[in-house]
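What follows is each chain in one-letter form.
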Amino acid sequence: MSAGIIILIVVLVLLAMIIGWVISVQRNLVGLDEICKNAMSQIGVQQNSRWDALGALADMVKQYDDHEYNTLKDIIAQRTNIGTNSTAAEAEADENLITKAMSRFLAVAEAYPDLKANTNYQNLMDSIKQYEENVRLARMSYNDTVTKYNRTIRMFPTSLIAGLLRFVERDYLETPDEKQAMPDLKR
């Protein structure tokens, strides 16, 4: 065998190894990206459950105060569907709307003790509390997934392939100080 053929074989083997590595990195990045999308989708599922419960609460409030009912329905109508392609900012905005709606519900319940004493109201509030916990856990899962994804796309030499294939860092979901603790829904 001539030296030229040996060099050609070595170059082809190295090229095949590099192509194999690039394919492996791309597949890993796609997998991590899909896990991030799934984690965001899970947040959306839990937030939708809370929105549904808030809608049922609004229907209960209608029996007591039409103005508050309309105000709550207006807030609920502003909700966005959080899904796989949603951003952290969109999820935060939807969470802020839920917080605004909950504040209104709690104020209405204080104004109408009969509503607050209603068994259905109490059951819905218990459900909302469980959905809040589920959202909290889904948010933690999302941030953990984003950490792994961001770390992977920033580490050399994977960062080279991530940049070429346009994988960009994802934002984390932030939790404001006032939301660190579970709200007291039993007021």
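Residues numbered from 1 in each chain as written. Predicted model: local features only at pLDDT ≥ 70, side-chain atom pairs only at ≥ 80, totals over all residues. Heavy atoms only, no water.

Asks: Describe the packing of helix 2 (residues 66–77) against helix 3 (residues 88–111), listing the residues and the values that go with them.
Replies: For the pair helix 2 and helix 3, interaxial distance at closest approach is 10 Å and the crossing angle is 165°. Judged by the inter-axis angle, helix 2 sits roughly antiparallel to helix 3. For the element pair helix 2 and helix 3, the recorded crossing hand is left-handed. Counted together, Glu68, Thr71, Leu72 and Ile75 of helix 2 and Leu97, Lys100, Ala101, Arg104, Phe105 and Val108 of helix 3 form the full contact between these two elements. Residue composition of the contact of helix 2 with helix 3, by class: six nonpolar, one polar and three charged. (Axes fitted to C-alpha atoms, helices over the stretch in contact; angles between N-to-C directions. Helix = DSSP H or I, 4+ residues; strand = E, 2+ residues; numbered from the N terminus. Parallel < 35°, antiparallel > 145°, perpendicular 65-115°, else oblique. Left-handed = near helix turned anticlockwise from the far one by under 90°. Contact = heavy atoms within 4.5 Å. Nonpolar A, V, L, I, M, F, W, Y, C, P; charged D, E, K, R; others polar.)

Asks: Give me the lowdown on the packing of aromatic side chains, citing residues and values where you can.
Replies: Counting across every chain of the model gives one aromatic pair. Pairing Tyr64 with Tyr112 gives two aromatic rings, centres 5.6 Å apart and planes at 50°, and the pair type is tilted. On the criterion of sequence distance, the pair formed by Tyr64 in the loop between helix 1 (3–62) and helix 2 and Tyr112 in the loop between helix 3 and helix 4 (113–117) is long-range, its members being 48 residues apart. The class for Tyr64 is partly exposed, based on a relative accessible area of 25%. Note that Arg170 overlies the ring of Tyr149, its terminal NZ or CZ placed 5.7 Å from the centroid. (Phe/Tyr/Trp six-rings, centres within 6.5 Å; stacked < 30°, edge-to-face > 60°. Buried < 20%, exposed > 50% of the residue type's maximum accessible area, 1.4 Å probe, protein only. Lys NZ or Arg CZ within 6 Å of the ring centre and 35° of its normal.)

Asks: Which residues make up the environment of Phe105, and what values go with them?
Replies: Here Phe105 shows up in helix 3. Sequence separation between Phe105 and Asn123 is 18 residues; the distance between their C-alpha atoms is 14 Å. Once residues within four sequence positions are removed from consideration, Phe105 is found in contact with Leu54, Leu57, Ala58, Val61, Leu72 and Tyr121.

Asks: Account for the side chain of Arg139, naming residues and giving values.
Replies: Tracing the backbone shows Arg139 in helix 5 (residues 119–154). Overall, the relative accessible area of 10% leaves Arg139 in the buried class. Within the structure, the side chain of Arg139 is placed 2.7 Å from the side chain of Glu92, a separation counted as a polar contact. Contact partners of Arg139, with chain neighbours within four places excluded, come to Ile43, Glu92, Glu95, Leu173, Glu174 and Thr175. (Polar contact = N/O pair within 3.5 Å; in protein donor to acceptor, adjacent residues only side chain to side chain.)

Asks: Any details on the confidence of the model for the chain? Residues and values, ideally.
Replies: Predicted confidence across the chain gives a mean pLDDT of 88, with 94% of residues reaching 70 or more. The lowest-confidence element of the chain is helix 4, averaging 83 in pLDDT; the highest-confidence one is helix 6 (residues 158–164), averaging 94. (pLDDT = per-residue confidence, 0-100.)

Asks: Explain the packing of helix 1 against helix 5 to me, using residue names and the numbers behind them.
Replies: Two elements in contact, helix 1 and helix 5, have axes separated by 9 Å at closest approach and are oriented at 165°. Here helix 5 runs roughly antiparallel to helix 1, going by the angle between their axes. Crossing hand, helix 1 versus helix 5: left-handed. Across the contact of helix 1 with helix 5, the residue classes break down as 23 nonpolar, nine polar and five charged.

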